[in-house]
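Now for the letters of each chain:
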There are 2 protein chains.
Amino acid sequence: AQMSLEQGYEARREFDARYRLLLRTVADPVVFVSVSDGRIKDLNDPAATLLGSSREDLVGAIFANEFTNRGREEFVEMLVNAAISENADDLVAETRRDQSEISFEPQVFRASGERVLILRLGRHGGSATAGDGAQAVR
Amino acid sequence: AQMSLEQGYEARREFDARYRLLLRTVADPVVFVSVSDGRIKDLNDPAATLLGSSREDLVGAIFANEFTNRGREEFVEMLVNAAISENADDLVAETRRDQSEISFEPQVFRASGERVLILRLGRHGGSATAGDGAQAVR
């Protein structure tokens, strides 16, 4: 069992390290949101900048509260439905802090028995990072 | 010990899942390269496209072989040095398959007792994703 424990520990550390570096490295604004409680599990600096705050302040915050007139459950349900139907065309919300329009490209996955949303954010009407695949061209 | 095993397993699965989804989600071309043997540990589709091949064919391949006139050890050493000195200004190589100029933004980290390079690739002279921070503006 000792061997398995150490192997598991090492493997976890490897993915943990790769995950953290990757999130820090990419310029795409990315947010992870727990489906069960609607809280931000993690995000990177570009995403925090779009939301008008800092990573430190946003981790653990209720994602819907970062937008105007969005209920916690309704907002997460909308994002999950868009992820499942693969149709995020009209998914836009207004940030609470500076009223900018944000678009979302959501995917949902299951990890450790919990459903998690991964969201790529974009400025609506800007050089969209959410949408129909056009983001690969740049 | 059983509890620890399961907790370790669950945590590993969580980071594993987050890591995989994140790598698949981002539009930034990203490659992970082992420092010890110079082989590609992982990469995403945008990076594979830049290199003119597929993810499946590139995982496990020697990274330097994807470029013209690059030796395995010399190339990895150059990338590690650039990561440590945080100066990747002149880091450009020509892809073997279509002779396009690729720039690199390298970082090095240690995971499971092994050093790993994470590289953000960009088309040299294009809308660079490597460089001096200008990549955050888009």
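None of these values were measured; they are calculated from a predicted model. (Residues numbered from 1 in each chain as written. Chains lettered and ligands numbered in written order. Predicted model: local features only at pLDDT ≥ 70, side-chain atom pairs only at ≥ 80, totals over all residues. Heavy atoms only, no water.)

S.K.: Before we go on, may I ask you to explain the side chain of T25 of chain A in this structure?
M.R.: Residues and elements named next belong to chain A. You can see T25 is positioned in helix α1 (residues 2-25). What makes T25 buried here is its relative accessible area of 8%. For T25, the side chain forms a polar contact with the main-chain oxygen of L21, separated by 2.6 Å. (Helix = DSSP H or I, 4+ residues; strand = E, 2+ residues; numbered from the N terminus. Buried < 20%, exposed > 50% of the residue type's maximum accessible area, 1.4 Å probe, protein only. Polar contact = N/O pair within 3.5 Å; in protein donor to acceptor, adjacent residues only side chain to side chain.)

S.K.: Please explain the nonpolar core as it appears in this structure.
M.R.: By size, the foremost hydrophobic cluster in this structure holds 28 residues, and its most contacted members are F63, F104, L117 and L121 of chain B. Among the secondary structure elements, those contributing two or more residues to this core are β1 (30-34), β2 (40-43), α2 (45-50), α4 (72-85), β4 (101-111) and β5 (114-123) of chain B. The element contributing the most residues to this core is α4 of chain B, with six residues. Apart from the residues lying within four places of it in its own chain, the contact partners of L117 of chain B are V31, F32, V33, V35, V76, L79, V80, A83, P106, Q107 and V108 of chain B. Membership of the second largest hydrophobic core comes to 27 residues, among which are V31, L43, F67 and F104 of chain A. (Core = buried A, V, L, I, M, F, W, Y, C linked by side-chain atoms within 4.5 Å. Contact = heavy atoms within 4.5 Å.)

S.K.: Help me understand the sheet that holds β1 of chain B in this model?
M.R.: Residue and element names in this part refer to chain B. Ordered by their spatial adjacency, five strands build an open sheet running β2-β1-β5-β4-β3, and the pairing between neighbours is antiparallel. Here the strands that pair on one side only, and so sit at the sheet edges, are β2 and β3 (92-94). Ignoring strand direction, the axes of neighbouring strands in this sheet form an average angle of 35°. Sheet topology places β3 next to β4; three bridges connect them, and they run antiparallel. (Pairing = 2+ DSSP bridges. Axes fitted to C-alpha atoms, helices over the stretch in contact; angles between N-to-C directions.)

S.K.: So what exactly am I meant to see when it comes to helix α4 (residues 72-85) of chain A here?
M.R.: Every α-helix carries 3.6 residues per turn, so stepping three or four residues along brings you back to the same face. All names here are of chain A. The terminal C-alpha atoms of α4 lie 20 Å apart, and with 14 residues this matches the ideal 20 Å at 1.5 Å per residue to within 8%. Here α4 has its buried residues at F75, V76, L79, V80, A82 and A83. The buried side chains of α4 occupy one side of the element, clustering within an arc of 160° when seen end-on. Residues of α4 that are exposed and point over 90 degrees away from its buried face: E73, E77 and I84. The inward-facing, buried residues of α4 contact β1 (30-34), β3 (92-94), β4 (101-111) and β5 (114-123). (Expected span 1.5 Å × (residues − 1). Arc of directions from axis to C-beta.)

S.K.: Would you explain the sheet that holds β4 of chain A in this entry?
M.R.: The strands making up a sheet associate through hydrogen bonds between their backbones, and the pairing can be parallel or antiparallel. Residue and element names in this part refer to chain A. Across the sheet, five strands lie side by side as β2-β1-β5-β4-β3; this open sheet has antiparallel pairing. What marks the edges here is a single partner per strand, and that holds for β2 (40-43) and β3. The mean inter-strand angle of the sheet, taken between neighbouring strand axes irrespective of direction, is 35°. Sitting on the sheet, α4 is in contact with β1, β3, β4 and β5, with an inclination near 75° to β4.

S.K.: Could you clarify how one ought to interpret the packing of aromatic side chains in this entry?
M.R.: Working definition: an aromatic ring pair is given by the centre-to-centre distance plus the angle between the planes. Here the structure, examined in full by the defined rule, presents 18 aromatic pairs over all chains. Ring plane angle 50° and centroid distance 5.3 Å describe the contact between F67 of chain A and F75 of chain A, whose orientation is recorded as tilted. The exposure class assigned to F67 of chain A is buried, which follows from its relative accessible area of 3%. With a centroid separation of 6.2 Å and an interplanar angle of 80°, the aromatic rings of F63 of chain B and F104 of chain B are classed as edge-to-face. Placement of the pair is F63 of chain B in the loop between α3 (55-58) and α4 and F104 of chain B in strand β4, with a sequence separation of 41 residues. Accessibility expressed as a relative area gives 1% for F63 of chain B, which makes it buried. Cluster of aromatic residues (ring-pair linked, three or more members): F15 of chain A together with Y19, F32 and F109 of chain B. The ring of F32 of chain A has R18 of chain B lying over it, and the distance from NZ or CZ to the ring centre is 5.5 Å. (Phe/Tyr/Trp six-rings, centres within 6.5 Å; stacked < 30°, edge-to-face > 60°. Lys NZ or Arg CZ within 6 Å of the ring centre and 35° of its normal.)

S.K.: For this particular structure, what's the right way to read the pattern of salt bridges?
M.R.: Pairs can form between side chains of opposite charge whenever their charged atoms are close. Residue and element names in this part refer to chain A. For the coordinates displayed, the defined rule picks out 20 salt bridges over all chains. Between R18 and E14 there is a salt bridge whose closest N-O contact spans 3.0 Å. Taken together, the residues span about one helical turn, with R18 and E14 both in helix α1 at a distance of four residues. Residue R18 shares its accessibility class with E14, and that shared class is buried. (Salt bridge = Lys/Arg side-chain N within 4 Å of Asp/Glu carboxyl O.)

S.K.: How should I be thinking about the environment of H124 of chain A in this particular structure?
M.R.: Residue and element names in this part refer to chain A. Along the chain, H124 falls in the segment after β5. By relative accessible area, H124 is classed as partly exposed at 42%. Apart from the residues lying within four places of it in its own chain, the contact partners of H124 are V92, E101, I102 and S103.

S.K.: Explain the confidence of the model for chain A here, please?
M.R.: In low-pLDDT regions, the fine details of the predicted coordinates are not to be read closely. All names here are of chain A. The share of residues in chain A with pLDDT of 70 or more is 82%, and the mean pLDDT across the chain is 86. Note on residues 127-138: pLDDT under 50 across the span, and 22 contacts to partners over four residues away in sequence or across chains. For this predicted complex, the interface confidence comes out at an ipTM of 0.78, alongside a pTM of 0.81. (pLDDT = per-residue confidence, 0-100.)

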